[in-house]
Amino acid sequence: SPPDPNNRFAKQALVAAHGQAIPERLTVSWWDFAGQEVFYAAHSLFLSVNCVYLVVFKPEFKSFDKDRYRMWLNEIRSRLVGNKERSTPVFVVATHKDCAELPQDHDEVFKDFIELAKKEYPRLLDVSRFFHVSNNQEFNEHDKYSTIGKLRTAIIEAAMMVPGV
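Residue positions are given per chain, counted from 1 along the sequence in the order it is written. Two thresholds apply to this predicted model, a pLDDT of at least 70 for residue-level local features and 80 or more for giving and counting side-chain atom pairs, whereas whole-chain, interface and lining totals are computed over all residues. To get the side-chain values, take all heavy atoms of the structure and skip hydrogens and water.

Focus: the environment of Phe 130
Here's step 1: Within the secondary structure, Phe 130 sits in strand β3 (residues 130–132).
Here's step 2: Working definition: with a 1.4 Å probe on protein chains only, accessible area under 20% of the residue-type maximum means buried, over 50% means exposed, and in between means partly exposed. Judged by its relative accessible area of 5%, Phe 130 falls in the buried class.
Here's step 3: Residues are treated as being in contact if the distance between any of their heavy atoms lies within 4.5 Å. Ignoring sequence-local partners within four residues, the contact set of Phe 130 consists of Val 92, His 106, Phe 110, Phe 113, Ile 114, Ala 117 and Leu 125. By definition, any uninterrupted DSSP run of H or I lasting at least four residues is a helix, any uninterrupted run of E lasting at least two residues is a strand, and each is numbered from the N terminus.

Looking at helix α8 (residues 147–161)
Here's step 1: Over its 15 residues, α8 runs 21 Å from end to end, which matches the ideal 21 Å to within 8%, given 1.5 Å per residue.
Here's step 2: Those residues of α8 that sit buried are Thr 147, Gly 149, Leu 151, Ala 154, Ile 155, Ile 156, Ala 158 and Ala 159. To estimate how far a helix should extend, the number of its residues minus one is multiplied by 1.5 Å.

Structural notes on the pairing of strand β1 (residues 53–57)
Here's step 1: Taking every second residue as pointing to the same face, the buried face of β1 carries Tyr 53, Val 55 and Phe 57, while none of Leu 54 and Val 56 on the other face is buried.
Here's step 2: Pairing between strands is defined by DSSP: at least two bridges between them are needed. Note that β1 and strand β2 (residues 90–94) share five bridges and pair parallel. When the bridges of β2 are listed, Leu 54 appears paired with Phe 91.

Here's what the structure looks like:
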């Protein structure tokens, strides 16, 4: 399909999910890098200072691959200069909140990212931007904390604060 120069479809999706209009000045594009090595060289073409980043992972009991996430965090950090690390929001999103066999406690789910935040990326990662979500609609209807809604709101609010967006 042809490009959507006014980001009409992306904005409509956000309006439908968020329930309020997205300001005209906000440009919305979604890029899913998925992590396949064959595409690593192309990733840097899409990374920018004027955006919001989401690092998404599935929490599991098996070992946490710090090197894999360091690669992504270093890619993001390499695009940022000086104080821009704080003005470019990076969200860390754990999926599968509805899976009982996976860790559920917030500190347990994010323990490795919290360690990375403290030791290696204190200016890039802010633990208030760590969210544990599910894409299961039935689960979300009963999630008393409405985590997916809070994430949507936080992303939109963060995007509105990014200079040049």
